[in-house]
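Residues per chain, in single letters:
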Amino acid sequence: MKALITGITGQDGSYLAELLLEKGYEVAGVIRRLSSPNTQHIEHLLGKIKLYDGDLLDVGSLVRAIQDFQPDEVYNLAAQSFVATSWKQPLLTSKVTGLGAVNVLEAIRITKPDAKFYQASSSEMFGNSNEEFLSESSLMLPTSPYAVAKHFAHEMTINYRNSFDMYACAGILFNHESPRRGVEFVTRKITYSVACIAEGVKKSKMSNEEKEPLVLDGKFLLGNLEASRDWGYAGDYVQQMWLMLQQEEADEYVVATGRSATIREFLDIAFKHVGIDDWSAYVGQDPRFMRASELHHLRGNAKKAQEKLGWVPETSLEELVAMMVDSDREIVRSTEM
């Protein structure tokens, strides 16, 4: 079996590549040509995978990659995936995250229509729903340019399946994290900052999205502490991506733990892991990190995936946070001190 992954250098792409290689796949990835290569997550895989220069906005590059590699499965994990940036760059987000997915679908339709396609959809598409547990049938009310772009890509995936009889499915992924998560995301921002504080670093070299030190004077800044999310481990979630493409019929599946926690609760877990019970002196709030349109609560219902795919998440939130903090403490010791 052969699998082509867009976004292979990212968190999900690198975990998925590892999984597929373990299963005996030939794996290839599409990566954008940058002046400074961004391959740190797949350095250990170089030589085991094939890489193609390409871009979601350049359908010709996608066609060439598919023509040459002839994949059995295509996983579209590439996107402009940072919600905060989507308000600053709504046009780019719409093109890359929305139209980019259609370019991949069109490249498959033209070049290898029998290839199975997986689209990484997002729980952000649901917006501020009144439902406690969100499922595949829940109403979608996206509240950010990123969520709107993901919703467009999600609906186009279904449209290509119905219109061209393609095997095209989508995983509606709720928040999923790991030590490979970018530091601009709140979970990694927390775990790296907590690691700095635990290691006695008063001013971090690593910066936030405002290009300021993540930790300054032994303190770091966040936005809304009451936003609640369903957080899982990316290493668990790529298992379900693969399972979706092993079914006889393509379908949509929610990927979630069924447990939600606020940013405040995430902070509690992270600080307690390093022996700090009262973290109020280490964390402040800054209006710059508040969303233009806040999404207050997300919690998923993955019953369909459990029943049809036999998938359940294996990593608890406490285990995930501990994994991330411990990894970041190693990084802090090697880079910050």
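Just above sits the structure.
To keep things clear, this report deals only with the structure shown in the data block.

Definitions and cut-offs
Residues numbered from 1 in each chain as written. Predicted model: local features only at pLDDT ≥ 70, side-chain atom pairs only at ≥ 80, totals over all residues. Heavy atoms only, no water. Helix = DSSP H or I, 4+ residues; strand = E, 2+ residues; numbered from the N terminus. Buried < 20%, exposed > 50% of the residue type's maximum accessible area, 1.4 Å probe, protein only. Contact = heavy atoms within 4.5 Å. Pairing = 2+ DSSP bridges. Axes fitted to C-alpha atoms, helices over the stretch in contact; angles between N-to-C directions. Polar contact = N/O pair within 3.5 Å; in protein donor to acceptor, adjacent residues only side chain to side chain. Parallel < 35°, antiparallel > 145°, perpendicular 65-115°, else oblique. Left-handed = near helix turned anticlockwise from the far one by under 90°. Nonpolar A, V, L, I, M, F, W, Y, C, P; charged D, E, K, R; others polar.

Right, let's talk about the environment of L20 for a bit. By the element assignment, L20 lies in helix α1 (residues 11-22). Its relative accessible area of 0% is what places L20 among the buried residues. In this structure, L20 is in contact with A3, I5, Y25, V27, Y75 and W242, ignoring residues within four places of it in sequence.

What follows deals with helix α2 (residues 59-69). Of the residues making up α2, those classed as buried are S61, L62, V63, A65, I66 and F69. In this structure, the buried residues of α2 make contact with β1 (2-6), β2 (26-31), β3 (50-53) and α4 (90-111). Two residues or fewer past α2, Q70 is found with a positive phi of approximately 55 degrees.

All right, on to the sheet that holds β1 then. Spatial ordering of the open sheet is given by β3-β2-β1-β4-β5-β6-β11, a layout of seven strands whose pairing is parallel. In the strand order of this sheet, the two ends are held by β3 and β11 (252-255), each with one partner. Across this sheet, the average inter-strand angle for adjacent strands is 20 degrees, counted without regard to direction. Sheet topology note: the β2/β3 ladder contains four bridges and is parallel. The partner of I31 across the bridge, within β3, is D53. With respect to the sheet, helix α5 (residues 145-164) is in contact with β5 (116-122), β6 (168-173) and β11, its orientation differing from that of β5 by roughly 155 degrees.

Turning to the side chain of S14, a few remarks are in order. Along the chain, S14 falls in helix α1. Its relative accessible area of 0% is what places S14 among the buried residues. One polar contact links the side chain of S14 to the main-chain carbonyl oxygen of G10, over a distance of 2.9 Å. Sequence-distant contacts of S14, that is, excluding residues within four places in its chain, are made with I8, H41, I42, L45 and R180.

Between helix α8 (residues 263-273) and helix α10 (residues 317-335), whose axes approach to 9 Å, the crossing angle comes to 55 degrees. Judged by the inter-axis angle, α8 sits oblique to α10. Handedness of the crossing formed by α8 with α10: right-handed. Between α8, through F266, I269, A270 and H273, and α10, the contact on the second element is made entirely by L317, E318, V321, A322, V325 and D326. Here the residues of the contact of α8 with α10 sort into seven nonpolar, one polar and two charged.

Turning next to the side chain of N175. You can see N175 is positioned in the loop between β6 and β7 (176-177). For N175, a relative accessible area of 18% corresponds to the buried category. Residues in contact with N175, not counting those within four places in the same chain, are S123, R229, D230, W231, G232, Y237 and L298.

Attention shifts here to the pairing of β11. Moving residue by residue along a regular strand, the side chains alternate between the two faces of the sheet. Side chains of β11 alternate between two faces, with E252 and V254 and Y253 and V255 buried alike. Both β6 and β11 contribute to a ladder of four bridges, which runs parallel. By the bridge assignment, G171 is partnered in β11 with Y253.

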